[in-house]
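Single-letter residue listing:
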Amino acid sequence: MSEGKVYLIGAGPGEAELITLKGYRLICRADVILHDHLIPSELLRLAKPNTEIISVGKFASRHTMPQERINALLVEKAGDGKVVVRLKGGDPYLFGRGGEEAEACADAEIDFEVVPGITSALAGPCYGGIPPTHRDCTSSVAIVTGHRKDEKEIEIPDAGTIIFLMSVGNIETIVNSLLKAKWPPETKIAAIENATCYNQRVITAALDDFLETVKEAKLQTPAVFIVGKVAELQKKLDWFGKKPNVLILGNHPQKYQRLGNIVHRRIIDCVPIDDYSEADAVLKNIDTFDWLIFTSVNGAKYLFERLYATGKDARALAGAKIAAIGKTTADRLTEFGISADMVPQNESSEGLLEEFGKLDMKNKKVLLPQSEIASKQLPDGLLGMQAVIEKMTVYKTIDIDPGAIDFDCIDQILFTSGSTVRAFIKRYGCVPAGIKVYCLGQPTLNVAKENNIQAEVLR
Ligand code: SAH
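Structure report, in brief. (Residues numbered from 1 in each chain as written. Predicted model: local features only at pLDDT ≥ 70, side-chain atom pairs only at ≥ 80, totals over all residues. Heavy atoms only, no water.)

## With respect to the sheet that holds strand β13 (residues 268-271)
Convention followed: When DSSP finds two or more bridges between two strands, those strands count as paired. A helix here means a DSSP run of H or I that spans at least four residues, while a strand means a run of E at least two residues long, and both kinds are numbered starting from the N terminus. Here the axes come from fitting lines to C-alpha atoms, over the contacting stretch only for helices, and the angles between their N-to-C directions go from 0 to 180 degrees. Throughout, a contact is declared for two residues whenever any of their heavy atoms are within 4.5 Å.
As summarised here, the arrangement of the 5 strands in space is β13-β17-β16-β14-β15, forming an open sheet in which the pairing is mixed. Either end of the sheet is taken by a strand with one partner, and the two such strands are β13 and β15 (321-324). Averaged over neighbouring strand pairs, the angle between their axes works out to 25 degrees when direction is ignored. With 2 bridges joining them, strand β14 (residues 291-294) and strand β16 (residues 365-371) adopt parallel strand pairing. Among the inter-strand pairings, Leu292 is bridged to a residue of β16, identified as Leu367. Set on the sheet, helix α8 (residues 277-284) makes contact with β16 and β17 (388-399); between it and β17 the angle comes to about 140 degrees. Packing of helix α12 (residues 377-384) onto the sheet brings it into contact with β14, β16 and β17, and relative to β17 it is tilted by some 175 degrees.

## Describing the nonpolar core
The line we're drawing: Residues enter a nonpolar core if they are buried and are Ala, Val, Leu, Ile, Met, Phe, Trp, Tyr or Cys, with the set joined through side-chain atoms within 4.5 Å. Under the scheme applied here, a residue whose accessible area is under 20% of the maximum for its type counts as buried, over 50% as exposed, and between as partly exposed, the area being computed with a 1.4 Å probe on protein chains only.
Within the largest apolar cluster, 28 residues are counted, with the highest numbers of intra-cluster contacts made by Leu292, Phe294, Phe304, Leu317, Leu333 and Met392. Taken together, the elements giving at least two residues each to this core come down to α8, β14, α9 (297-309), β15, α10 (327-334) and β17. If one sorts the elements of this core by residue count, α9 sits on top with 5 residues. Setting aside its immediate chain neighbours within four residues, Met392 contacts Ala279, Val282, Leu283, Leu303, Leu367, Leu368, Pro369 and Gln370.

Geometric descriptors of this kind do not, in isolation, establish any biological role.
Structure below.
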């Protein structure tokens, strides 16, 4: 049995990409993950399929698992020889009781390592547009917890900038304590709510106005507060709040980062079909086809998966010409060593039919690898040209729950396929007013139009 070990890992403040590479790699290796409440769910999806995932944050009935129980679980699982990842918000050693968890490991003689994380205490101000230190303002920062329920006053340390965590419920005491400690009433203070996430809000005011301002804004947890001269830079340095929030309902959202703050949600999943016997039978005669037409990225992906599963590779397609419905599909084909012979300018079934119309398709054998539900326009058009059509189902799509989306915070939506458009409409009925819609290609735009969505192709 391998030696068990505990890794206390900082998951970062909220945005999934703000985890360290080391943390990322360890999540991919974990046998067990114990995670806090507000961990980006994308990180949990990195886990191996058989990883045991345990939420120890606010779960059923909003109770958290008692600390002793968490400590005992860490020791128990690592004692069983498992690689245990304890995934904690922000940095594991800052106000997260990470120290106690490490002590529990040390006491039980369990091997452990700590992977620091980007703390919300610093990421919050950073994404809120406030550098905690600045040569013109201050050279010292203090990080303070405001979570001392029964205290009427918070001890204010002597520093040029003070950052408060766990303080939303106690903000009145904090402001009063600052004023009492002779902080000028006109000093700027900022709250950064849901820092680094697409629904981040920054609320700033002078100290003596702040309580009213946050009350009006209905400030919620989690939030960090930062007070000091540096907070005056907020308007000038607000780089994150300026970018549009772009909801992407497809895979590979990283490709679109230039568009703004990416809010990635998946609404459909492409999955294998249950029975490939028909597809495999077609693959046996793959060398008899004159044309293969790929109408989606997934058609390409799943055809090749099947080809490989039956012991073949791209060489099996050497005798056929290849068409792709658009550039995205053609790009995906190059990953399998195929350079498409035909990619219509007009990226759609009509575009393909226009191009095929220029050729003599009579008695030409055409293979269409596609999903369970595929439009009839293309096969019908080709039949009209007296081609011989073989449809081959290689995958299907299923609807999945995209999780909560606050549409008030979404500026743009990018649809990457017709199926995501259909799934979106099925779930939400329409695109909420005021949201600008882009589609990845003409075929997707066509589906958007069919569903009365005003959209344009992404340039
Ligand atoms: N170890 C964590 C802090 C845990 S204490 C870290 O390093 O970030 C929990 C407090 O962190 C919350 O009360 C809040 O003040 C702050 N916090 C955590 N995530 C936050 C976020 N996304 N936005 C604003 N504040 C956050």
